[in-house]
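Residue-level structure breakdown
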Amino acid sequence: MPAARASVARLPQAGRPAARGDRGHAAGSVGGTLTYRLHLLHKLSDQESHRRYPQEAGLSLSDGRCLAAIGSFEPLSVMDLALRANLTKGQASRAAQSLVDQGFVHKTDSPSDGRGVSLSLTPRGRKVWHKTMALIERRNEEIFGCLGAQEQRQLGALLDRLIAHVQRKATDDEGQGA
């Protein structure tokens, strides 16, 4: 973990013009692309979240994200959990089992799918879910607090638009066998 922090710490700060030879976002470099900047923001955010989730919620980041999704959208199947938590089915299955083992999630046979399960919070899980959601709110404020309320709404709307566009494109590509 310290090596990852060091490599990110050497990255140029956003909004600072890149000097020659700097790994910043000079014209034509990868640093100026939206995908690079989104990945960098994700990486920086995840590093801090990996540290904070165990301290403040008593959960790993993966378990915390899954608990947040289950509590927000319950009941969920493992596949629905994977979609809601942006994980693979295998990752979601392991996290769900970890949450069951910790007593935070109740797993029952799915009434609609004989092979599937339904995931919902236990009373103990609901208490941890509240702590997790408070942490998520704090993290969002820490990350986006530099933006005004109007800027946050605008960024949210733009991100929703980009997500919908990419999801449509992925669906169209799947339909065309690409």
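Calculation notes
- Residues numbered from 1 in each chain as written.
- Predicted model: local features only at pLDDT ≥ 70, side-chain atom pairs only at ≥ 80, totals over all residues.
- Heavy atoms only, no water.
- Phe/Tyr/Trp six-rings, centres within 6.5 Å; stacked < 30°, edge-to-face > 60°.
- Lys NZ or Arg CZ within 6 Å of the ring centre and 35° of its normal.
- Core = buried A, V, L, I, M, F, W, Y, C linked by side-chain atoms within 4.5 Å.
- Buried < 20%, exposed > 50% of the residue type's maximum accessible area, 1.4 Å probe, protein only.
- Helix = DSSP H or I, 4+ residues; strand = E, 2+ residues; numbered from the N terminus.
- Contact = heavy atoms within 4.5 Å.
- Salt bridge = Lys/Arg side-chain N within 4 Å of Asp/Glu carboxyl O.

**Thoughts on the packing of aromatic side chains**
Evaluation of the coordinates by the stated rule reveals 0 aromatic pairs. Geometry around Trp 129 places Arg 126 over its ring, the cationic atom sitting 5.8 Å from the centre.

**Some remarks on the nonpolar core**
Formed by 24 residues in total, the largest nonpolar core has its most connected members in Leu 67, Ile 70, Leu 81, Leu 99 and Val 105. Among the secondary structure elements, those contributing two or more residues to this core are helix 2 (34–57), helix 3 (61–73), helix 4 (78–85), helix 5 (89–101), strand 2 (117–121) and helix 6 (123–144). It is helix 3 that contributes the most residues to this core, 5 residues altogether. Discounting chain neighbours no more than four positions away, the residues touching Leu 99 are Leu 59, Asp 63, Cys 66, Leu 67, Ile 70, Phe 104 and Val 105.

**Digging into the pattern of salt bridges**
Oppositely charged side chains are able to pair whenever their charged atoms sit close together. Summed over all chains, the structure comprises 8 salt bridges. The closest approach of N and O atoms between Glu 48 and Arg 52, which form a salt bridge, is 3.5 Å. Taken together, the residues span about one helical turn, with Glu 48 and Arg 52 both in helix 2 at a distance of 4 residues. The pair formed by Glu 48 and Arg 52 is uniform in burial state, with each residue classed as buried. Of the charged contacts in the structure, one is a salt bridge between Arg 52 and Glu 142, with a shortest N-O distance of 2.9 Å. Pair noted here: Arg 52 is in helix 2 and Glu 142 is in helix 6, with a separation of 90 residues, a long-range link. The buried category is assigned to Arg 52, whose relative accessible area is 8%. Where salt bridges share partners, they join Glu 48, Arg 51, Arg 52, Glu 56, Arg 138, Arg 139 and Glu 142 into one cluster.

Note that every value here comes from positions in space, so none of it alone points to a role or purpose.
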